[in-house]
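# Residue-level structure breakdown
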Amino acid sequence: MEEDTQKNWENVLHRNVCPNCGSSELITDSKSGEIYCSKCGFVLSRLYDRGQEWREFGDEESESRDRAGSPLSPLVHDLGFTTSLEFGTKSAAGRGLTSEELSRAQRMRVWQERGRASTANERNLMVAMRYITHLADQLNLGKNIIVRAARIYREALEMGLVRGRPINSMAAAVVYAACRSSEVPRTLKEVAAKAGLRKKEVARSYRNILKAMENEKMPISDPIIYISKVASKLKLGPDIERETLKIINVARSKKTTSGKDPMGLVAAAMYMATLRLGINSVTQKQIAEAANVTEVTVRNRFKGLKEVVSQ
């Protein structure tokens, strides 16, 4: 349908006929870059010069002439299209503003901020992007993870998954999904704790996102990516990390790691590695706390690993 409309529009331009009144008296304005009808004023098309306006001969000159604005960002609800009124005490002419003018400018900023989000989806995005950015800061995540989470949230919003669900739990779910897809070592329990939510709430929202996004395949959580994280918390050396990796690879080769919590496996394998290397300065409780699991989980996974590795 859209292709047919585009073809019809191109045919109209090719015939040089106004689609509004049928007049053939069209004018091309080189200053505004518009083609419009001289009779009814209907604008048929806009011309775009995709080349550079100038030549630059150095980085400093290029930066001084750059006035294209900041790039589009999915972290802003309107992608950064809208402008904002800056805070200042002087006018464009350099004259100081009076108190009445300053208060008027402040009122204009308030109304401009309110007008930026006119629909429910835009208001939802404004709140969600703040949640996502704040949660990512709490988890020490990079900008690529934040951008990925923002894009997943936008897709979920377009599919109607956010309606009727808490924004904070959906924001936490997309942050976890972004970490999972990028193989960043952040567990669901850790994300939920930083978001101030229960693990079940975030898990429910995460499952809803996965069900709706059939084309989005999340990789299986690999316990190997958590080894360095746990070891750094315990201030253990690379020899412990290497031994832990060997134990997990042996268990994986015998297909006994599927369906197990990756943090529990890492904690049990690291505890076994300390016993093998004769390091007694780290207790089972300390390893469990560093991996954010219980001691019971470590003991149960340790028994299973011991049976598999000893074979």
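Residues numbered from 1 in each chain as written. Predicted model: local features only at pLDDT ≥ 70, side-chain atom pairs only at ≥ 80, totals over all residues. Heavy atoms only, no water.

Counting its secondary structure elements, the protein contains 13 helices and 3 strands. Within the protein, counting contacts between residues at least 6 apart in sequence, those at least 24 apart form 59% of the total. When the accessible surface of the protein is summed, it comes to about 20200 Å², and 49% of that surface belongs to carbon and sulfur atoms. (Helix = DSSP H or I, 4+ residues; strand = E, 2+ residues; numbered from the N terminus. Contact = heavy atoms within 4.5 Å. Areas by Shrake-Rupley, 256 points an atom, 1.4 Å probe, with all protein chains shown as cover.)

A few words now on the nonpolar core. Side chains of a nonpolar character, in soluble globular proteins, are inclined to be buried together. Among the nonpolar cores identified, the biggest contains 39 residues, and Ile132, Leu141, Tyr153 and Val175 are the most heavily contacted of them. Counting residues per element, the ones that place at least two in this core are helix H4 (120-138), helix H5 (143-158), helix H6 (167-181), helix H7 (188-195) and helix H8 (199-212). Here the element with the most residues in this core is H6; it accounts for 10 residues. Setting aside its immediate chain neighbours within four residues, Val175 contacts Ile132, Leu135, Leu139, Leu141 and Ala149. Grouped together as the second largest cluster of nonpolar side chains are 30 residues, Val230, Leu236, Ala267 and Tyr271 included. (Core = buried A, V, L, I, M, F, W, Y, C linked by side-chain atoms within 4.5 Å. Buried < 20%, exposed > 50% of the residue type's maximum accessible area, 1.4 Å probe, protein only.)

Turning next to the confidence of the model for the protein. For the protein, the mean per-residue pLDDT works out to 78, and 76% of the residues sit at or above 70. At the level of individual helices and strands, the protein shows its lowest average pLDDT in helix H1 (residues 2-15), which scores 49, and its highest in H6, which scores 90. Of the regions scoring below 50 in pLDDT, residues 4-13 engages in 7 contacts with residues more than four places distant in sequence or in other chains. (pLDDT = per-residue confidence, 0-100.)

What follows covers the packing of aromatic side chains. Each aromatic ring pair is specified by the distance between its two centres and by the angle formed by the two planes. Enumeration over the complete set of coordinates arrives at 2 aromatic pairs. Here Tyr176 and Tyr206 contribute two aromatic rings whose centre-to-centre distance is 4.9 Å and whose plane-to-plane angle is 75°, an arrangement assigned as edge-to-face. With a gap of 30 residues between them, Tyr176 in helix H6 and Tyr206 in helix H8 connect regions that are remote in the sequence. Side by side, Tyr176 and Tyr206 carry an identical accessibility label, which is buried. (Phe/Tyr/Trp six-rings, centres within 6.5 Å; stacked < 30°, edge-to-face > 60°.)

A word on unusual backbone geometry. The general pattern is negative phi for most residues beyond glycine and trans for most peptide bonds. Non-glycine residue Asn140 carries a positive phi angle of around 55°. Within the element layout of this structure, Asn140 appears in the loop between H4 and H5. Not every positive phi belongs to a glycine, and Lys235 is a case in point at roughly 60°. Mapping Lys235 onto the fold places it in the loop between helix H9 (227-234) and helix H10 (238-253).

On to the environment of Lys246, then. Within the secondary structure layout, Lys246 lies in helix H10. The exposure class of Lys246 is exposed, given its relative accessible area of 51%. Residues Lys246 and Val309, 63 residues apart in the sequence, show an inter-C-alpha distance of 9.9 Å.

What follows is about the state of the cysteines. Enumeration according to the criterion identifies 0 disulfides in this entry. Counting only cysteine sulfurs, Cys21 is the nearest neighbor of Cys40, a cysteine outside any disulfide, at a range of 3.7 Å. According to the relative accessible area criterion, Cys40 is partly exposed, its value standing at 35%. (Disulfide = S-S within 2.5 Å.)

What follows covers the pattern of salt bridges. Taken as a whole, this structure holds 5 salt bridges when the rule is applied. Glu201 is the salt-bridge partner of Arg198, the closest N and O atoms lying 3.3 Å from each other. A relative accessible area of 55% places Arg198 in the exposed class. Between Glu243 and Arg276 there is a salt bridge, with the nearest N and O atoms lying 2.9 Å from each other. A residue pair is termed long-range when its members are at least 10 positions apart, and Glu243 in helix H10 and Arg276 in helix H11 (residues 262-276) qualify at 33 residues. On the accessibility criterion, Glu243 (13% relative accessible area) is buried. (Salt bridge = Lys/Arg side-chain N within 4 Å of Asp/Glu carboxyl O.)

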